[in-house]
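# Secondary and tertiary structure notes
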Amino acid sequence: DTAVSQTPKYLVTQMGNDKSIKCEQNLGHDTMYWYKQDSKKFLKIMFSYNNKELIINETVPNRFSPKSPDKAHLNLHINSLELGDSAVYFCASSRRGGTGELFFGEGSRLTVL
Amino acid sequence: ELKVEQNPLFLSMQEGKNYTIYCNYSTTSDRLYWYRQDPGKSLESLFVLLSNGAVKQEGRLMASLDTKARLSTLHITAAVHDLSATYFCAVDLARGGADGLTFGKGTHLIIQP
């Protein structure tokens with residue numbers, strides 16, 4: 001009965017390929033996020049969506065395109081993968097106007113060869 | 001731009017000892033969060049501190065917030081091996097909005113027998 005679930009958990013792919021990560025939350029939250037955790041464990045926000053509307057789009061290459069079909073789902077599509085894209089991508093959710101606490105998925109480890 | 005700094009970034013300590021991790025942030029906020037991350041795992045919420053002077057305790061961990069000093073502490077009492085993990089503090093500028101949290105770099109804690 002996972003609250004925030006991501007698939008896949010592992011991706012290994014070649015440079016230049018395109019890949020997608022899916023995220024779903026069953027907490028009834030209205031805001032979802034993508035965070036990137038690099039090899040030094042530094043966590044940086046990439047995007048946030050509130051009720052399917054893009055709120056935050058940090059300085060992320062255009063190759064990254066989020067999509068939120070509804071407030072329970074947030075997907076991340078990455079085009080033309082580069083070596084530097086290798087990282088763990090975490091999905092998270094929260095309730096706008098709540099405590100601000102984020103609930104994280106298990107992460108998707110992307111390795112670009 | 002909000003900066004969140006943790007100190008130390010790496011800590012090796014013996015079981016039974018006490019220690020404190022510090023989290024400083026650069027912009028006024030009264031919302032601070034502590035998370036724990038085990039290797040290869042997700043981020044688990046430990047404490048949510050929502051006002052000046054807030055203090056919360058769970059087992060051997062105690063967190064506090066001083067918004068005037070822009071400082072939070074995570075105190076470990078009589079450390080045990082199971083507390084070995086990376087601990088992150090994070091700050092919310094949007095008071096529960098959809099801006100997400102800004103994280104510190106994490107403190108990698110190793111507790112040795």
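Residues numbered from 1 in each chain as written. Chains lettered and ligands numbered in written order. Predicted model: local features only at pLDDT ≥ 70, side-chain atom pairs only at ≥ 80, totals over all residues. Heavy atoms only, no water.

With that out of the way, let us pick up the packing of aromatic side chains. Following the criterion strictly, the structure yields 9 aromatic pairs over all chains and no others. Aromatic pair phenylalanine 64 of chain A and tyrosine 89 of chain A: ring centres 6.3 Å apart, planes at 35 degrees, arrangement tilted. Here phenylalanine 64 of chain A, found in strand S7 (residues 64-70), pairs with tyrosine 89 of chain A, found in strand S9 (residues 87-94); they are 25 residues apart in sequence, far enough to count as distant. Per residue, the accessibility class of phenylalanine 64 of chain A equals that of tyrosine 89 of chain A, and both read buried. Taking the centre distance of 5.7 Å and the plane angle of 50 degrees together, the rings of tyrosine 35 of chain B and phenylalanine 103 of chain B count as tilted. With tyrosine 35 of chain B in strand S4 (residues 32-37) and phenylalanine 103 of chain B in strand S10 (residues 102-103), this residue pair connects regions lying 68 residues apart in the sequence. Accessibility assignment for this pair places tyrosine 35 of chain B and phenylalanine 103 of chain B in one class, buried. Taken together, the aromatic side chains of Tyr33, Tyr35, Phe90 and Phe104 of chain A together with Tyr35, Phe88 and Phe103 of chain B make up a single cluster linked through ring pairs. (Phe/Tyr/Trp six-rings, centres within 6.5 Å; stacked < 30°, edge-to-face > 60°. Helix = DSSP H or I, 4+ residues; strand = E, 2+ residues; numbered from the N terminus. Buried < 20%, exposed > 50% of the residue type's maximum accessible area, 1.4 Å probe, protein only.)

Side chains of a nonpolar character, in soluble globular proteins, are inclined to be buried together. Leu32, Trp34, Leu74 and Tyr87 of chain B are the most contacted members of the largest nonpolar core, which totals 25 residues. Among the elements of the structure, strand S2 (10-14), strand S3 (19-25), S4, strand S5 (43-49), strand S7 (61-66), strand S8 (71-76), strand S9 (85-91) and strand S11 (107-112) of chain B are those that each provide at least two residues to this core. If you tally residues by element for this core, the top one is S9 of chain B, at 4 residues. For tyrosine 87 of chain B, the contacting residues outside a window of four places in its chain are Gln6, Ile21, Tyr35, Arg36, Leu46, Leu61, Leu74, Gly106, Thr107 and Leu109 of chain B. Counting 20 residues, the second largest nonpolar core, distinct from the first, contains Val4, Met32, Leu74 and Val112 of chain A. (Core = buried A, V, L, I, M, F, W, Y, C linked by side-chain atoms within 4.5 Å. Contact = heavy atoms within 4.5 Å.)

Turning our eyes to something else, we now look at the interface of chain A and chain B. If you look at the interface, chain A gives 24 residues, while chain B gives 23 residues. Contact between chain A and chain B buries roughly 1,800 Å² in total, counting both sides, with carbon and sulfur atoms accounting for 56%. Taken together, the elements giving at least two residues each to the side of chain A that touches chain B come down to strand S4 (31-37), strand S5 (43-50) and strand S6 (53-57) of chain A. Each residue belonging to the side of chain A that touches chain B can be placed in one class, and the counts come to 10 nonpolar, 9 polar and 5 charged. (Buried area = accessible area lost by both parts, 1.4 Å probe. Nonpolar A, V, L, I, M, F, W, Y, C, P; charged D, E, K, R; others polar.)

You can see lysine 40 of chain A is positioned in the loop between S4 and S5. Here the alpha-carbon distance between lysine 40 of chain A and alanine 87 of chain A, two residues 47 residues apart in the chain, equals 9.7 Å.

Moving on, we come to the pattern of salt bridges. Counted under the stated rule, the structure contains 5 salt bridges over all chains. A salt bridge links arginine 63 of chain A to aspartate 85 of chain A, with the shortest nitrogen-to-oxygen separation between them at 2.8 Å. Of this pair, arginine 63 of chain A sits in the loop between S6 and S7 while aspartate 85 of chain A sits in the loop between strand S8 (73-78) and S9, and the two are 22 residues apart along the sequence. Take arginine 63 of chain A: its relative accessible area is 15%, and that puts it in the buried class. By relative accessible area, which is 4% here, aspartate 85 of chain A ends up buried. Of the charged contacts in the structure, one is a salt bridge between arginine 31 of chain B and aspartate 92 of chain B, with a shortest N-O distance of 3.8 Å. Of this pair, arginine 31 of chain B sits in the loop between S3 and S4 while aspartate 92 of chain B sits in the loop between S9 and S10, and the two are 61 residues apart along the sequence. In this pair, the class of arginine 31 of chain B matches that of aspartate 92 of chain B, namely buried. Linked through salt bridges whose partners overlap, the residues forming this network are Arg63, Glu82 and Asp85 of chain A. (Salt bridge = Lys/Arg side-chain N within 4 Å of Asp/Glu carboxyl O.)

Now for the sheet that holds strand S6 (residues 55-58) of chain B. Residue and element names in this part refer to chain B. If you walk across this open sheet you meet the 5 strands as S1-S3-S8-S7-S6, and the pairing is antiparallel. With partners counted over all chains shown, the strands left at the sheet margins are strand S1 (4-7) and S6, one partner each. Looking at each pair of strands side by side, their axes are set apart by 15 degrees on average, direction ignored. Where S7 and S8 come together, 6 bridges link them in antiparallel fashion. Looking at the pairing, aspartate 66 lines up with leucine 71 of S8. (Pairing = 2+ DSSP bridges. Axes fitted to C-alpha atoms, helices over the stretch in contact; angles between N-to-C directions.)

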